[in-house]
Structure formats: structure tokens, C-alpha cells
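Residue-level structure breakdown
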Amino acid sequence: MKAFTVDLTVCNGCYACQIGCKDEHVANNWPGYAKPQPNTGHFWLKLDEKVRGTIPKVRVAYRPHLCMHCGKCIDVCKNKAVYRRDDGLVIIDPDKCAGCMTCVDACPYNAIYYNKDLLISQKCTGCAHLLDDGWQQPHCALNCPNEAIKIVDVENLDVLKNDPQYETIRPELGLPVRVFYKGILHRFIAGCVYDPVEKEVLIGAKLTLADEASGETREAETDWAGDFWFYNVKENAKYSLTIAYGGKKTLISGIDTSDDVNLGDIAFR
């Protein structure tokens, strides 16, 4: 069974995956798999780029977005043009598709596109034509300089579902997706601690972050620049931060993680 793994910890946003998809499918016809992708408007694999936080505590998150091969489109297609292969990849048969756009509307990941010239729906095929020709990887994976994207063979999806280092997009839908991400950037809390009198940053200040609902705590220290980062905190939660240095403590409470949090420069004396 085929599944995609995408390691976001090594993705640097170079767009090579997106370019590789275009190179493989624009102006190329793969009979039985896919008709040509339009020059513009379609992104069967699209590199999503999101700027997180506020200056100077900013992180840019990259995530290649493609069809999750969940099969939701199979259930809604009235013409039975969409099917799942034995290896798990979902294909829209370009010869059977009637262009009704039912699958486009039903896709929970906005990964299916309508070709206005050919009057058919189209999406990522996992480069099934290459795999069937003996290639080990799709074009997006072959184009990735950091090998962030791969197609892997697994006995069943539980191998990846039960691996704590991998996550899926919109897991609340309960769909059998076949794209698994490593290193998704969740909410973060960041800031800088300094002495307003000495006008120097505090290096090695002890930080304790506490979830105000559960009481769960995490610890960190300020670095050489007085900065601190708490990654992957819960979304839409309330946190309290205790700062300790030189025998003194201060508390910041009610930190709301409905978005990434930059606490800015924190004066500590």
C-alpha cells in the first residue's frame, strides 16, 4: 500500500516539488492516468507558505499540499470515474469523468481542480504512471533536494497512524488519508527577557510554562540573546509563564494561544 510521507523539518520552501509536478503534467498526456494539466490555475501539488508570529519572533511554515487520497471523491462520483487502485492511490479516470464537479465540491482538502478547457476534474495522481513504469518515486519527490517528500510502502495505514512523529491534516474528519506529515508547526509562545536598568538581556533565566487548565508544565531557559521559544503549545488555551532569575520571580498569566504569541521584550528586575 502506498502512502506519502512529508518531512516538514527539512522542507525549506524551495518550491522544487511544485515545479516538479508542473514539469510532469503540464502539456503532457498520460493516457488512463491524467490529461494535461493547465499552464496556470491548477496546483496538483502546492507549496503552502505561512508567516507565523510577529516581528521579531517570526517563523515561516512551509507545507506541500496535495490530494490526501482519502477517497471522499469516490463516494460522490455519479459516473464512477473515480477509483482507488490496489496500491491505495485515488485516480480520476480522465476518459470517464463527465465534468460534473461533484468531486471538486466534496473534496475537504480543496485538492481537486476543474479543467475548463477539457471539461474534466483533475488532481494529483501520485504519478501513478511513473510508478507503474518502474519508477520508485513521483516527480515531486524526485525533484526535492532534501528528500522531504516520499512515497513509501506500508502493510496498512496504521503503521503511520500510530507513529507519534506523523500527523494528518484535518484528522477530525476520520478519513483514510494517505499523506502523513512530520514536524507540523503548531502554536508557539516566544519572547525576550531583559534587565531594564542594566539594559542587558538575561541569559539563562529559568522559564516555566503552565497550562492553566490542566496544570501541565514545560521548562526552558533564555538563550544568549535573552530569547525563549515554547513550540507546539495547545491551540486556544490559556497559559501562565513564570520567569526566575537571580533569586527573583515574576508571573505572566492569561496567555491566550488562539494565535501564535510574541510576548515581546519582558522587563525583569
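In what follows, the structure referred to is the one given above.
An account of the accompanying structure is given in this report.

Criteria and cut-off values
Residues numbered from 1 in each chain as written. Predicted model: local features only at pLDDT ≥ 70, side-chain atom pairs only at ≥ 80, totals over all residues. Heavy atoms only, no water. Helix = DSSP H or I, 4+ residues; strand = E, 2+ residues; numbered from the N terminus. Rg over C-alpha atoms; globule rule 2.2 N^0.38 Å. Buried < 20%, exposed > 50% of the residue type's maximum accessible area, 1.4 Å probe, protein only. Contact = heavy atoms within 4.5 Å. Areas by Shrake-Rupley, 256 points an atom, 1.4 Å probe, with all protein chains shown as cover. Lys, Arg positive; Asp, Glu negative; His and termini not counted. Charge placed at Lys NZ, Arg CZ, Asp CG, Glu CD. Pairing = 2+ DSSP bridges. Patch = residues over 30% accessible without salt bridge, like charges linked within 9 Å, V, L, I, M, F, W, Y side chains within 5 Å. Salt bridge = Lys/Arg side-chain N within 4 Å of Asp/Glu carboxyl O. Disulfide = S-S within 2.5 Å.

As a further point, take the overall build of the protein. In terms of helices and strands, the protein carries 6 helices and 18 strands. Computed over the C-alpha atoms, the radius of gyration of the protein is 23 Å, more than 25% above the 18 Å expected from 2.2 N^0.38 for a compact globule of 269 residues. Its C-alpha atoms give the protein principal-axis dimensions of roughly 75 × 35 × 35 Å. By residue count, 47% of the 269 residues in the protein fall in the buried class. A separation threshold of at least 6 residues defines the contact pool for the protein, and within that pool the share at least 24 residues apart is 58%. If you sum the accessible surface of the protein, you get close to 13900 Å²; carbon and sulfur atoms cover 49% of it. A distance of 4 Å separates the average location of the 31 positive side-chain charges in the protein from that of its 36 negative side-chain charges.

We now examine the environment of Ala-61. Within the element layout of this structure, Ala-61 appears in strand 3 (residues 57–66). Overall, the relative accessible area of 18% leaves Ala-61 in the buried class. It is 8.1 Å that separates the C-alpha atoms of Ala-61 and Asp-48, two residues lying 13 residues apart in sequence.

This part takes up the pairing of strand 1 (residues 2–7). Within strand 1, 6 of the 6 residues are buried, leaving the element largely enclosed by the surrounding structure. The two faces of strand 1 match: Lys-2, Phe-4 and Val-6 on one face and Ala-3, Thr-5 and Asp-7 on the other face are all buried. Relative to strand 8 (residues 149–153), strand 1 is paired through 5 bridges, and the arrangement is antiparallel. Bridged to Val-6 within strand 8 is Ile-149. For strand 1 and strand 10 (residues 179–182), the ladder comprises 4 bridges, and the chain directions are parallel. Note on strand 10: the bridge partner recorded for Thr-5 is Phe-180.

Bringing a nonpolar patch on the surface into the picture now. On the surface, Val-201, Ile-203 and Trp-224 cluster together to form a nonpolar patch covering roughly 360 Å² of accessible area. Relative to the assigned elements, Val-201 resides in strand 12 (residues 200–201).

Before going further, it helps to examine the pattern of salt bridges. Per the counting criterion, the structure on display carries 14 salt bridges. The closest approach of N and O atoms between Arg-52 and Asp-260, which form a salt bridge, is 2.6 Å. In this pair, Arg-52 sits in strand 2 (residues 45–54) while Asp-260 sits in the loop between strand 17 (248–256) and strand 18 (261–267), placing the two residues 208 residues apart along the sequence. Judged by relative accessible area, which is 13%, Asp-260 ranks as buried. Two residues, Glu-235 and Arg-187, come together in a salt bridge whose shortest N-O distance is 3.2 Å. Within this pair, whereas Glu-235 is found in the loop between strand 15 (227–233) and strand 16 (238–245), its partner Arg-187 is found in strand 11 (residues 187–195), the two being separated by 48 residues in sequence.

So, on to the environment of Pro-108. Position of Pro-108 relative to the elements: it lies in the loop between helix 3 (102–106) and strand 6 (113–115). For Pro-108, a relative accessible area of 17% puts it in the buried group. Between the alpha carbons of Pro-108 and Arg-218 there is a distance of 35 Å; along the sequence they are 110 residues apart. Residues within four places of Pro-108 in sequence aside, it is in contact with Lys-72, Arg-170, Leu-173 and Leu-175.

As a further point, take the state of the cysteines. What the rule picks out here adds up to 0 disulfides. Between Cys-73, a free cysteine, and Cys-67, which holds the nearest cysteine sulfur, the sulfur-to-sulfur gap is 6.0 Å. Taking the relative accessible area as the measure of exposure, Cys-73 reaches 7% and is therefore buried. As a non-bridged cysteine, Cys-103 has Cys-97 as the owner of its nearest cysteine sulfur, 5.9 Å distant. Residue classification places Cys-103 among the buried positions, given a relative accessible area of 7%.

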